[in-house]
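Summary of structural features
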Amino acid sequence: MSSRGPMRLPKPYSHPQQQQQPPHHQQQQQQQQQSSQFYQPSAPYPPMQPTNDYGNDFGMPQPQMPPSYGGDFNIPQPPPPPAPSHNAYFSPQTAFYAPSTQQQMPSNQGMPGMEYLSNNPLFNVGLNVVEQGMKDFTGKTVNMLPNEMKKSISSIKYYFAVDQAYVFKKLCLILFPFRPRNWSLGYSADEPVPPRVDTNAPDYYIPLMGAITYVLVAGLVLGTQDRFTPEQLGMHASSVLIWNIIEICVLCFTFYIFNVQSKLRTLDLIAYCGYKYVGMITALSSYLLTHSLFVYRCSLLYVSLSLSYFLVKCLRLQILPDTGGSQPYGSNGSKRRIYLLLLVVILQPLFIWYLTRHLIVD
């Protein structure tokens, strides 16, 4: 050992920033550490720093508004969304697109719908006035028409008074008329009953639907022969209309020249001449199914005979004056009536052959 005594170690010096705190401050820190094990003191949140684009309360990206003002100054940002406790039904759609409740109420109240119009008494009154005015105008227009035209319009409705049972029975009667039956028309208070009540009554439904079906079947036959074009449908429809007009004009002119007065009206004549489309459809369908010229000719011969028999049975009661045998056919112009009846009957098979022959390939 040295004469100076025992050696003393140098006292360590602390850094200036790590100065020892006062005793009362150390006791306060220890108490805070012990109390932090049970609860966290309520303190204001530290200021949020915009470190990224997801700094809102919900963690959703804020919509970026384009610099529509040239970018010379900052566009004011919308106010932050409400706290999570007040937005229990939050969704991304509501965060970006849903307007506030205060903005929705005026917009919904300012857009009246059909329910508002239907409950509006002024709208209902105006609608009733317009409806009544249209009825008055239509009634005045009908009253201004001649009496003959009024009767014609009301008569046309009679020919469309059909049902499914009548159509089925009438088609069977046209194709199979050889069964004995009563061919006289039914009357009620000197007026013919509608077609749906009497199968012998003429109608316009079968001729109209038959003409349309003939045009479609003709287009189908041309399609199987690679000759179909869209213009063919229009050409066949025009030919049907033109030839029907020509046929009716020729028959009416013949009745006028022969000076024949009969129960057959012009509207009835149009209906009877329109039944030939049923035979045309039958002949074309048989050829379409078999592609045989022999089958087509056989079906053409059969439908010509059946339609001729049907027309003779129906028209003889309306054209010929007396069919009971009390008056001979050779007197009082009965021969001319017979000729007219034969003319109507013979024209139908000729039109059936003429309007279908160009669709058949030998």
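Residues numbered from 1 in each chain as written. Predicted model: local features only at pLDDT ≥ 70, side-chain atom pairs only at ≥ 80, totals over all residues. Heavy atoms only, no water.

**Overview of the nonpolar core**
Rule in force here: Take the buried residues of types Ala, Val, Leu, Ile, Met, Phe, Trp, Tyr and Cys, join any two whose side-chain atoms come within 4.5 Å, and each joined set is a nonpolar core. Only protein chains enter the accessibility calculation, which uses a 1.4 Å probe. A residue is then buried if its area is under 20% of the maximum for its type, exposed if over 50%, and partly exposed in between. For helices the rule is a DSSP run of H or I covering at least 4 residues; for strands it is a run of E covering at least 2, with both sets numbered from the N terminus onward. Contacts are assigned to residue pairs that have any heavy atoms within 4.5 Å of one another.
Judged by nonpolar contacts, the single largest core of 50 residues is most densely connected at Tyr214, Tyr275, Phe310 and Leu315. Listed by contribution, the elements that provide at least two residues to this core are helix H7 (164-175), helix H8 (205-224), helix H9 (230-258), helix H10 (266-274), helix H11 (276-290), helix H12 (293-319) and helix H13 (334-356). When residues no more than four places from it in sequence are discounted, the contact partners of Leu315 are Leu264, Tyr272, Leu320, Leu341 and Val344. With five residues, the next largest nonpolar core counts Tyr158, Tyr159, Ala201 and Tyr204 among its residues.

**With respect to H8**
This is how the line gets drawn: Each residue after the first adds 1.5 Å to the expected span of a helix.
Between its terminal C-alpha atoms H8 stretches 29 Å, which fits the 28 Å expected from 20 residues at 1.5 Å a residue. Asp226 lies just past H8 and shows a positive phi near 60°.

**Some details on a nonpolar patch on the surface**
What counts, and what does not: Nonpolar side chains (Val, Leu, Ile, Met, Phe, Trp, Tyr) are joined into patches within 5 Å and like charges within 9 Å, using only residues with over 30% relative accessible area and no salt bridge. We get accessible surface area from the Shrake-Rupley algorithm with a probe of 1.4 Å; when it comes to residues, only the shown protein chains can shield them. By definition here, a salt bridge exists when the distance from a side-chain nitrogen of Lys or Arg to a carboxyl oxygen of Asp or Glu is within 4 Å.
On the surface, Ile156, Phe160, Tyr205, Leu208, Met209, Ile212, Leu216, Phe228 and Leu233 cluster together into a nonpolar patch covering about 760 Å² of accessible area. Take the nonpolar patch: its biggest share by element is five residues, from H8. In this structure, Leu208 sits in helix H8. When its relative accessible area of 43% is taken as the criterion, Leu208 is described as partly exposed.

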